[in-house]
Structures are given as structure tokens and as C-alpha cells.
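Below, each chain spelled out in residue letters.
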Amino acid sequence: MDGGLFDEVNRFAVATPWLHAAVTGYAAYGVALFAALMLAGWWYARGTSDPARVAAAVLAPVATLLAVAVNQPFVSAFHEARPYSSHPGILVLATRSTDFSFPSDHSVMAGAAAAALWFVSRRLGLVTAVAALAMGFSRIYIAAHYPHDVLAGLILGAVVAVVVVLLARPLTTRLVTALGRTPVRPLVTAEPPTPDSLVAGATAGQGRTPPGATGR
């Protein structure tokens with residue numbers, strides 16, 4: 001249904017050989033950029049000392065992995081051939097695969113990361129969204145996917161991520177708050193311990209029975 005748009009992108013790829021290395025590299029290894037953006041999201045959230053932001057940052061990789069897992073039944077159900085399998089004569093920069101095309105796993109991953117990081121920081125979410133669009137375009141450019149594969153993947157990933165964050169953030173926020181009163185506090189906040197948190201931690205420690213102790 002979008003073969004004409006795919007052909008236009010492929011002709012653009014033919015006309016821009018100087019872009020091949022950069023786009024092919026991003027299409028294959030751009031996943032590392034999204035991992036770095038999620039790490040940056042955690043670091044930013046930690047600096048705000050906002051448990052809800054930290055919870056969203058923690059959930060971002062979880063939501064992304066879950067979105068990719070949710071996509072697998074759709075890929076198997078639609079059985080759509082890759083463009084290079086059904087369009088002879090096109091320029092193919094992708095490494096050929098026997099996997100099916102719809103929806104695009106890379107786009108699902110990118111869409112989920114962008115949506116999840118939006119809950120951490122709108123600015124970071126916007127940067128990730130731009131990276132996600134670039135990832136989608138790169139997958140079409142190298143002839144690994146059709147435009148509708150990419151669009152469906154971005155939407156599916158974003159929807160799964162939003163649902164996961166909205167459902168899991170309240171409980172995760174409480175967990176982050178509790179961790180702020182433990183020795184792993186530096187992982188969830190950049191603020192030094194407050195007297196109240198020190199007292200709470202000491203009280204919790206005193207409440208535990210030492211190993212080997214027995215009651216009378």
C-alpha cells in the first residue's frame with residue numbers, strides 16, 4: 001500500500017552513496033544509542049530526586065523489552081516478506097534475513113524507548129523520538145522494511161510503553177522511595193541522606209533479629 005513511498009526512498013538511497021555507511025551503521029547498531037539515552041534518563045532522574053521520574057527511568061528498559069516481546073506474535077501472524085524478497089532490482093543495503101517484516105522490531109524498540117523516556121523528561125523524550133524517526137527511516141533506506149512496517153512498529157512500541165509505565169509506575173515509585181532509605185540510595189537519588197532517612201534506616205535495622213538470636 002506504500003510501495004510508491006518505499007520506491008522513492010530506495011531511489012534516494014541509490015542517489016546518495018555517500019550516506020550508505022552512516023545510515024547502514026545506524027540501522028544496525030543504533031540500538032546502542034537508545035541504551036545510552038535510557039542510561040541518560042536514569043542519570044537525569046536520579047539528579048532530580050523525584051521518585052516518580054526515577055521509577056519511569058527504571059521502567060523504560062523494561063517497557064522496551066516487553067514491547068519487542070509483544071511484537072513477536074504479530075510478526076509471526078502477518079508473515080510479510082521483506083522488501084528485498086519481493087522487489088527484485090532494488091538497492092539492498094541490509095543484511096538479508098529470513099525474518100518477516102511487519103512490524104519492524106527496531107521501530108518497536110525505538111518507539112517504546114521514546115514514549116517511556118517522555119515520562120522522565122520531555123526534552124529527552126523529544127530527542128529520543130527524533131532518534132526513533134531516524135531509526136525508522138534508516139530501516140526503509142537500507143531496504144529492510146516498508147514504511148508501514150516502521151509506522152506500525154513505532155505506534156505499537158509507544159502504546160506498550162505508555163501502558164507499562166502508567167500501570168507499573170505507582171508501585172515502582174513506592175519501591176524507589178523505599179530504596180532511598182537503604183544503602184543503595186545513591187542509585188535512586190543524588191541527594192545526601194536526610195536525618196529522617198537515617199533514622200528510618202536505623203530503625204528498620206534494629207527491627208531485624210540478629211542471626212542466631214532467639215526470643216525468650
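This report concerns the structure included in the present document. Owing to the predicted nature of the structure, the values given are computational and were not obtained by experimental measurement. (Residues numbered from 1 in each chain as written. Predicted model: local features only at pLDDT ≥ 70, side-chain atom pairs only at ≥ 80, totals over all residues. Heavy atoms only, no water.)

So, the layout of surface pockets
Roughly 370 Å³ of volume is contained in the largest pocket. In terms of lining residues, the largest pocket is bounded by 23 residues, among which R82, S97, D99, H106 and R139 are the most central. Looking at the lining of the largest pocket, the elements with two or more residues in it are α2 (20-29), α4 (51-78) and α6 (105-118). Its residues placed into classes, the lining of the largest pocket shows 10 nonpolar, nine polar and four charged. The calculated volume of the second largest pocket comes to roughly 170 Å³. If you go around the second largest pocket, the residues you meet are S49, D50, P51, V54, V176, T177, G180, R181, R185, V188, T189 and E191. Put simply, the parts of the chain that give the lining of the second largest pocket at least two residues each are α4 and α8 (147-179). Considering only residue class, the lining of the second largest pocket consists of four nonpolar, four polar and four charged. (1 Å grid on protein atoms, 1.4 Å probe; cavity = no way out; pocket = protein on both sides within 12 Å on 5 of 7 lines; lining within 4 Å. Points joined across faces, edges and corners; volume = space filled by probe spheres on them. Helix = DSSP H or I, 4+ residues; strand = E, 2+ residues; numbered from the N terminus. Nonpolar A, V, L, I, M, F, W, Y, C, P; charged D, E, K, R; others polar.)

Brief notes about the packing of α6 against helix α7 (residues 122-141)
Between α6 and α7, whose axes approach to 7 Å, the crossing angle comes to 170°. On the basis of their axis angle, the class for α6 and α7 is roughly antiparallel. Contact residues: α6 offers H106, S107, A110, G111, A113, A114, L117 and W118, while α7 offers R122, L124, G125, L126, T128, A129, A132, M135, G136 and R139. A class-by-class count of the residues in the contact of α6 with α7 yields 10 nonpolar, six polar and two charged. (Axes fitted to C-alpha atoms, helices over the stretch in contact; angles between N-to-C directions. Parallel < 35°, antiparallel > 145°, perpendicular 65-115°, else oblique. Contact = heavy atoms within 4.5 Å.)

Brief notes about the pattern of salt bridges
By the definition in use, this model includes two salt bridges. The partner of R11 in a salt bridge is E8, and the shortest N-O contact between them spans 2.6 Å. In this pair, R11 and E8 both sit in helix α1 (residues 3-15), three residues apart, roughly one turn of the helix. Residue R11 is classed as partly exposed on the basis of its relative accessible area of 48%. Accessibility expressed as a relative area gives 46% for E8, which makes it partly exposed. The shortest N-O distance in the salt bridge between R53 and D50 comes to 3.6 Å. Assessed through its relative accessible area of 28%, R53 is described here as partly exposed. By relative accessible area, which is 29% here, D50 ends up partly exposed. (Salt bridge = Lys/Arg side-chain N within 4 Å of Asp/Glu carboxyl O. Buried < 20%, exposed > 50% of the residue type's maximum accessible area, 1.4 Å probe, protein only.)

Remarks on the side chain of H145
With respect to the helices and strands, H145 occurs in the loop between α7 and α8. A distance of 3.1 Å separates polar atoms of two side chains, one belonging to H145 and the other to R82. Leaving out residues up to four positions away in the same chain, H145 has contacts with F6, R82, P83, S101, S104, R139, I140 and V150. (Polar contact = N/O pair within 3.5 Å; in protein donor to acceptor, adjacent residues only side chain to side chain.)

Things to note about the nonpolar core
Core analysis: the biggest nonpolar cluster contains 49 residues, and F34, A110, L117, Y141 and I142 have the highest contact counts within it. If you list the elements that add at least two residues to this core, you get α1, α2, α3 (31-48), α4, α6, α7 and α8. Each residue touching L117, except ones within four places of it in the same chain, is listed here: L37, M38, G41, A60, L124, G125 and T128. (Core = buried A, V, L, I, M, F, W, Y, C linked by side-chain atoms within 4.5 Å.)

As for the environment of T24
Tracing the backbone through its elements, the reader meets T24 in helix α2. Overall, T24 belongs to the partly exposed group, its relative accessible area being 26%. Taking the C-alpha atoms as reference, T24 lies 8.3 Å from R139; in sequence the two are 115 residues apart. When near neighbours in sequence (up to four residues on either side) are disregarded, T24 contacts L93 and I142.

Considerations on the packing of aromatic side chains
Aromatic ring pairs are reported here in terms of the distance separating the ring centres and the angle at which the planes meet. As enumerated under the stated definition, the model contains six aromatic pairs in all. When the ring of F78 is compared with that of F102, the centres are 4.8 Å apart and the planes differ by 80°; the resulting orientation is edge-to-face. Taken together, the positions of F78 in helix α4 and F102 in the loop between α5 (83-86) and α6 put the pair 24 residues apart, joining distant regions of the chain. For F102, a relative accessible area of 16% puts it in the buried group. Clustering of aromatic rings is evident, with ring pairs tying together F12, F137 and Y141. In this structure, R46 is placed above the aromatic ring of W43, and the distance from its NZ or CZ to the ring centre is 4.8 Å. (Phe/Tyr/Trp six-rings, centres within 6.5 Å; stacked < 30°, edge-to-face > 60°. Lys NZ or Arg CZ within 6 Å of the ring centre and 35° of its normal.)

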